[in-house]
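A structural walkthrough
Here is what each chain is made of, one letter per residue.
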Number of protein chains: 2
Amino acid sequence: MKIILLSGGSGKRLWPLSNEARSKQFLKVLQDPEGNSESMIQRIYRQIRQSHPETEVVIAAGEAQRDSLRRQLHGQAEVVYEPARRHTYPAILLSAAYLLDVRQMSEDEVIAVLPVDPYVEQDYFERLRDMEQALMDSGADICLLGIRPTYPSEKYGYIKGQAVPGSAYFRVDAYTEKPDLETAQRLVGEEALWNGGVFVFRASFVRALIEKEVGVLSFTRVRERYQDLPYNSFDCEVTEKCASLVCVMYEGQWNDMGTWNTLTAKMEKPDGGFVIRGEDCVNTHVVNELAIPVVALGLKDTVVVASADGILVSDKHASSYMGQYVEQIDNRPMYEKRQWGEYRVLDFAQCRSGKENSLTKHLHVEAGRSLSYQLHHLRDEVWTIIDGKGLFLLDGKIREASRGDVLYIPKGHKHGMASREGVDFIEVQLGTDLVEEDIERFDWDWGDLRG
Amino acid sequence: MKIILLSGGSGKRLWPLSNEARSKQFLKVLQDPEGNSESMIQRIYRQIRQSHPETEVVIAAGEAQRDSLRRQLHGQAEVVYEPARRHTYPAILLSAAYLLDVRQMSEDEVIAVLPVDPYVEQDYFERLRDMEQALMDSGADICLLGIRPTYPSEKYGYIKGQAVPGSAYFRVDAYTEKPDLETAQRLVGEEALWNGGVFVFRASFVRALIEKEVGVLSFTRVRERYQDLPYNSFDCEVTEKCASLVCVMYEGQWNDMGTWNTLTAKMEKPDGGFVIRGEDCVNTHVVNELAIPVVALGLKDTVVVASADGILVSDKHASSYMGQYVEQIDNRPMYEKRQWGEYRVLDFAQCRSGKENSLTKHLHVEAGRSLSYQLHHLRDEVWTIIDGKGLFLLDGKIREASRGDVLYIPKGHKHGMASREGVDFIEVQLGTDLVEEDIERFDWDWGDLRG
């Protein structure tokens, strides 16, 4: 068995902590058995490894997750980066093509696909062996994992089936993806199960899908044609149409951590950051990433989340319906952790006349790290060093820069910064389109910055 | 009659919009009869002028209110600036000394003292004439304004008295300042009235108090000895001990706008700033002064206020008890409107080694205005012009500065900035104590910047 872990983007369901660059699975709001904080992806990867220490695991992720994955999984995991964010069907085809074409896995082996966001017990990962066995015994195309519903949700797929005497699985008679509320109520009454989003199938099954879409089993070809693959979920594109499904049930704890309502239920501490709360707050969580205080008084069943991107104040239940409201917000990311350190956007100002703009950031380059050697076509930059010192590279010439130095970088000039001890600076950008994408990167060998 | 309007600091009861520099009375959250937004002080000054167009009005205010008063009252009002923030007793003595000594008012005239923060109808100001008449007719030392209590509050003084047949006032038998809850309940049951904080007395009465405190009727002497005057309210220092009190009643609307609970009840619009609210919010006010969005969903009886100083999320009733929580917060002001424009603190960073710090601001100098000519002893500054242009003055030399220019100001060097068209710049401060107080101001004649 090989495992594909789908590290999808969370969109804005956990706004303002999730955005394009920072998905919910990287938020360190959980706790590992030793009491250290961990993220969803750290938790699930640890749990997979505990049950399947030798199994090859491939993570399907967006390019924007590269730095977060390296930081949080310390390069342990193999990652297949999607050329664009599409949906689960293209992501599964790409990762499977990687396993079959690049890693040369056997067509007779099975692939298990796991979502990144359920909060589950260890037994969940043991069920993958039962699913593999069920697939082999039944001769079915796909084995699903069934979860007992706790309420008539419109968000999930529903599985109905017939028990197979003497076995741990059942045959699926009917599969209904995201029904309306009335249908969901009926299905729950009929003891249908939720589809937990785990799929087990033979490699040969997905090979046929790949060949159907791009003509040949080639990882490169799937990458090249990625934008042309159906923008659809695996559930809708495959599961719903599949005539040969079996299902294994998982009876343990299962929580979808995709909303603040469900996520806060699993958070070990009610507050994070600079928070002052009155003793009269009940079932209230406050997460504050800003440097200014949040004062919370007399709140009940409320979640307050403040980040550089915005501030959410919501009744916990109402937070599940946040999507429609935050879709209107189209801000650039205001804070990002990167491979080299982190930055925070402090200010954005449009000039009163014309289309010129300015943007101010605080950047921190970690000890022993370097910003890529880069240039911008649409902006000048002014860097004022406020802490530490570094090596400043401009058009191939290196100079030392330390607190109090002001560095001027006209547009079109290559520049970089490296630091042995860590350096902070304020960057004022002056130009038209002040976007992260206005960057051209070059190679530069800084040598051993730890030396 | 002369009027003293006490423009006290609000402390932190309307945090995070009120701070040392910005008191609640300057928040433009009300609406004037023409539908324009107005602040408490604009409203009460307008109301005073409507009932008493010819009366001399003196405002007692702290130095930190100078810019706000000039902006909001357009230099119409006479202001006596207190040398330090003390309490109402010293403030009333200082203003009365100004009226008696500097303005040479007659000792037989009366002075009416008004608080700045009640939300009242026009009739309230008509009652001042009844109070003057009552003082004259009764021969009492002080006339108070009685308000019918709406609940047994521990915050107010309580007045009990005997009606005087055929007159509009009554004689006060007992005055109880800030009783405990049990006593307040009893007093409300006995039909005692709240003291509305308005005092009318003869100028000769307060002259005796001034002479008792500083030996002579001299405005200069009261200013000089200001720090030594009793740090006490007029209620506790004088009213409570006074044997000869009368009271006139005001029956109209009266709301103390000292808490978010009472202030939001008078706000014309539920939201201010970049706010996205769900339709399911009930009796909820959101005021957002930040550039990032606040999303409010499913809230009931809640007030959300976000400013550069912090974020308050509170049940409206619970917001009345905010004091104890925000007292712990000892931030510098993060945003101030000034005579010359405004600034916002973007970033504060402590150096990893030692006691060096940095602070980053966005400053906007308005068209036709200038920053004072100044120097700092404890910090260097780097200014990067991001919008507009101005005249930059350094050690007596003027140069033009415009977008993209970077100006370096070492500590100990005199500098200033003036602008005909308006100019914005990012200021990075580098030093030890980065406080507003590290400033020495000098005179400079910029000539006519409007020219």
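Within each chain, residue numbers correspond to sequence positions counted from 1 in written order. Think of it this way: whatever chain is written first is A, whatever ligand is written first is 1, and the rest follow in order. Per-residue local features of the predicted model are confined to residues with pLDDT of at least 70, and side-chain atom pairs are confined, for both listing and counting, to 80 or more; whole-chain, interface and lining totals are unaffected and use all residues. For side-chain calculations, the full set of non-hydrogen atoms in the structure is used, while hydrogens and water are omitted.

Strands are runs of DSSP state E lasting at least 2 residues, helices are runs of H or I lasting at least 4, and numbering of each runs from the N terminus. What chain A contains, in helices and strands, is ten helices and 30 strands. Computed over the C-alpha atoms, the radius of gyration of chain A is 25 Å, within 12% of the 22 Å expected from 2.2 N^0.38 for a compact globule of 451 residues. Summarising its shape, the C-alpha atoms of chain A cover approximately 75 × 60 × 45 Å along the three principal directions. Categorising residues by exposure relies on relative accessible area from a 1.4 Å probe, with only protein chains included: less than 20% of the type maximum marks a residue as buried, more than 50% marks it as exposed, and the intermediate range marks it as partly exposed. Buried residues in chain A amount to 57% of all 451 residues. Only heavy atoms enter the contact rule, under which two residues are in contact if any of them lie within 4.5 Å. Across chain A, every contact between residues at least 6 apart in sequence was considered, and the portion connecting residues at least 24 apart equals 66%. Within the structure as shown, chain A displays about 18,800 Å² of accessible surface, and the carbon and sulfur contribution to it stands at 46%. Charged residues are defined narrowly, with Lys and Arg counted positive, Asp and Glu counted negative, and His plus the chain ends left uncounted. A single reference atom marks each charge: NZ on Lys, CZ on Arg, CG on Asp, CD on Glu. One finds the centroid of the 53 positive side-chain charges in chain A at a distance of 3 Å from the centroid of its 70 negative side-chain charges. Radius of gyration: over C-alpha atoms. The globule rule applied is 2.2 Å multiplied by the number of residues raised to the 0.38 power. With residues, only the protein chains shown are counted as cover, and all accessible areas are computed by Shrake-Rupley using a 1.4 Å probe.

The next point concerns the pairing of strand β29 (residues 423-431) of chain B. Residue and element names in this part refer to chain B. Most of β29 sits inside the fold, with nine of its nine residues counted as buried. Two elements, strand β22 (residues 357-365) and β29, share nine bridges in a ladder whose sense is antiparallel. Bridge pairing in β29 links L359 to Q429. Only strands that DSSP links by at least two bridges are regarded as paired with each other. Relative to β29, strand β25 (residues 379-394) runs antiparallel, the two being bridged by nine bridges. Paired with R379 across the bridge in β29 is G431.

Glancing now at the sheet that holds strand β15 (residues 275-277) of chain A. The strands that make up a sheet pair up through hydrogen bonds in the backbone, lying either parallel or antiparallel. With mixed pairing, the six strands of this open sheet are ordered in space as β15(A)-β17(A)-β19(B)-β18(B)-β16(B)-β14(B). Looking at strand neighbours, the two that pair on one side only are β15 of chain A together with β14 (271-272) of chain B, the edges of this open sheet. Relative to strand β19 (residues 310-315) of chain B, strand β17 (residues 294-297) of chain A is paired through four bridges, and the arrangement is parallel. When the bridges of β19(B) are listed, A:V295 appears paired with B:L312.

If you look at the interface, chain B gives 64 residues, while chain A gives 63 residues. Any carboxyl oxygen of Asp or Glu within 4 Å of a side-chain nitrogen of Lys or Arg constitutes a salt bridge here. On inspection of chain B and its partner chain A, the count reaches six salt bridges. The shortest N-O distance in the salt bridge between B:D387 and A:R352 comes to 3.5 Å. Under the rule applied, a polar contact is a pair of N or O atoms within 3.5 Å (in protein, one hydrogen donor and one hydrogen acceptor; residues adjacent in sequence only if both atoms are side-chain atoms). Our count for the contact surface shared by chain B and chain A stands at 20 residue pairs in polar contact (both at pLDDT 80 or more). A class-by-class count of the residues in the side of chain B that touches chain A yields 34 nonpolar, 19 polar and eleven charged. The nonpolar class holds Ala, Val, Leu, Ile, Met, Phe, Trp, Tyr, Cys and Pro. Asp, Glu, Lys and Arg form the charged class, and all remaining residues, Gly among them, are polar.

This brings us to the packing of aromatic side chains. Each Phe, Tyr or Trp ring (for Trp, its six-membered ring) is paired with any other whose centre lies within 6.5 Å, and the angle between the two planes then decides the class: stacked below 30 degrees, edge-to-face above 60, tilted in between. Scanning the entire structure with this criterion turns up 32 aromatic pairs over all chains. Plain terms: the ring middles of A:Y124 and A:Y250 are 5.2 Å apart, the flat faces sit at 80° to each other, and that makes the pair edge-to-face. With a gap of 126 residues between them, A:Y124 in helix α4 (residues 123-138) and A:Y250 in strand β12 (residues 245-250) connect regions that are remote in the sequence. The residues A:Y124 and A:Y250 share a single accessibility class, namely buried. Taking 5.5 Å as the distance between ring centres and 70° as the angle between the ring planes, the aromatic pair formed by B:Y98 and B:F219 counts as edge-to-face. Here B:F219 lies in helix α7 (residues 219-224) and B:Y98 lies in helix α3 (residues 88-102), a separation of 121 residues in the sequence. Exposure class is identical for B:Y98 and B:F219. Each is buried. Cluster of aromatic residues (ring-pair linked, three or more members): A:Y89, A:F199, A:F201, A:F205 and A:F234. Placement of a charge over a ring requires the Lys NZ or Arg CZ to be within 6 Å of the ring centre, with the centre-to-atom vector within 35 degrees of the ring normal. Residue placement shows A:R66 over the ring face of A:Y81; its charged tip is 4.1 Å from the ring centre.

It is worth spelling out the pairing of strand β4 (residues 56-62) of chain B at this point. Residues and elements named next belong to chain B. The buried count for β4 comes to seven of seven residues, which makes it a mostly enclosed element. As defined by bridge partners, strand β1 (residues 2-7) adjoins β4 across six bridges and the pair is classed as parallel. Across the sheet, the residue bridging to S7 is A61, located in β4. As paired strands, β4 and strand β5 (residues 78-82) are joined by five bridges and run parallel to one another. Bridging across to β5, A60 finds its partner in V80.

Turning to the side chain of B:D309, a few remarks are in order. Its place among the elements puts B:D309 in the loop between β18 (302-307) and β19. Of the polar contacts made by the side chain of B:D309, one reaches the backbone nitrogen of B:M334; its length is 2.9 Å.

Here, two cysteine sulfur atoms that lie within 2.5 Å of each other are counted as a disulfide. Applying the stated rule across the entire model yields zero disulfides over all chains. Cysteine B:C281 shares no disulfide, and the gap to the nearest cysteine sulfur, in A:C281, comes to 17 Å.

The next subject is the sheet that holds strand β19 (residues 310-315) of chain A. If you walk across this open sheet you meet the six strands as β14(A)-β16(A)-β18(A)-β19(A)-β17(B)-β15(B), and the pairing is mixed. With partners counted over all chains shown, the strands left at the sheet margins are β14 (271-272) of chain A together with β15 (275-277) of chain B, one partner each. Bridge analysis of strand β16 (residues 285-288) of chain A against strand β18 (residues 302-307) of chain A gives four bridges, and the strand direction is parallel. From the neighbouring strand, A:N288 faces β18(A), where its bridge partner is A:A306.

We now examine the relation of the copies chain B and chain A. When the copies are superposed, the least-squares fit draws on C-alpha atoms of residues that have pLDDT of at least 70 in both. With an axial shift of 0.0 Å and an RMSD of 0.1 Å, the rotation relating chain B to chain A amounts to 180°. Such values leave the two copies arranged in the relation of a two-fold axis. The C-alpha atom lying nearest the rotation axis in chain B is that of B:L346; the distance is 2.8 Å. Of the residues that chain B buries at the interface, 98% are likewise interface residues in chain A, meaning the two copies contact each other through the same surface.

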